[in-house]
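# Close look at the chain arrangement
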Amino acid sequence: MSVPYFVRKLSRSERNRLVVIFQKPPHVNVFLRAKAVDLSSKGWKVPRIAEVVQRDRSVVSRWLHRFDEEGIEGL
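Residues numbered from 1 in each chain as written. Predicted model: local features only at pLDDT ≥ 70, side-chain atom pairs only at ≥ 80, totals over all residues. Heavy atoms only, no water.

## Notes on the overall build of the chain
Looking only at helices and strands, one finds four helices and zero strands in the chain. Counting from the amino terminus, helix and strand elements in the chain follow one another as α-α-α-α. Taking 11 Å as the expected radius of gyration for a compact globule of 75 residues, we find that the chain reaches 11 Å, a close match to that expectation. Dimensions of the chain along its principal axes, counting C-alpha atoms only, are 35 × 25 × 20 Å. Within the chain, the fraction of its 75 residues that count as buried is 35%. Expressed as a percentage of contacts within the chain between residues at least 6 apart in sequence, the contacts between residues at least 24 apart total 57%. Of the roughly 5,000 Å² of accessible surface on the chain, 52% is carried by carbon and sulfur atoms. Taking the average location of the 15 positive side-chain charges in the chain and that of its 8 negative ones, the two points are 6 Å from each other. (Helix = DSSP H or I, 4+ residues; strand = E, 2+ residues; numbered from the N terminus. Rg over C-alpha atoms; globule rule 2.2 N^0.38 Å. Buried < 20%, exposed > 50% of the residue type's maximum accessible area, 1.4 Å probe, protein only. Contact = heavy atoms within 4.5 Å. Areas by Shrake-Rupley, 256 points an atom, 1.4 Å probe, with all protein chains shown as cover. Lys, Arg positive; Asp, Glu negative; His and termini not counted. Charge placed at Lys NZ, Arg CZ, Asp CG, Glu CD.)

## A few points about the packing of helix H1 (residues 12-23) against helix H2 (residues 28-41)
It is at 10 Å that the axes of H1 and H2 come closest, and there the two elements cross at 140 degrees. Taken together, the axes of H1 and H2 lie oblique to each other. In this structure, the crossing between H1 and H2 has a hand that is left-handed. Contacts between H1 and H2 involve Arg15, Leu18, Ile21 and Phe22 on the former and, on the latter, Val30, Phe31, Ala34, Lys35, Val37, Asp38 and Ser41. Residues of the contact of H1 with H2, tallied by class, amount to seven nonpolar, one polar and three charged. (Axes fitted to C-alpha atoms, helices over the stretch in contact; angles between N-to-C directions. Parallel < 35°, antiparallel > 145°, perpendicular 65-115°, else oblique. Left-handed = near helix turned anticlockwise from the far one by under 90°. Nonpolar A, V, L, I, M, F, W, Y, C, P; charged D, E, K, R; others polar.)

Here it is as structure tokens:
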């Protein structure tokens with residue numbers, strides 16, 4: 001059984017930028033990626049996030065890893 005993966009702790013600035021994305025998303029894909037990051041930061045596991053955003057687990061996992069490496073710009 002694999003160990004669950006969660007994004008790193010978000011900074012206040014990153015949280016604020018996610019709120020802006022949720023209020024006025026530049027694109028539906030950016031919104032979905034931001035939602036995945038938000039849920040992961042709240043302790044949701046990848047399989048459940050994948051159900052919510054209706055994407056494959058591998059896609060969600062890739063999004064989360066990219067966010068950890070690149071921050072908001074990775075969305």
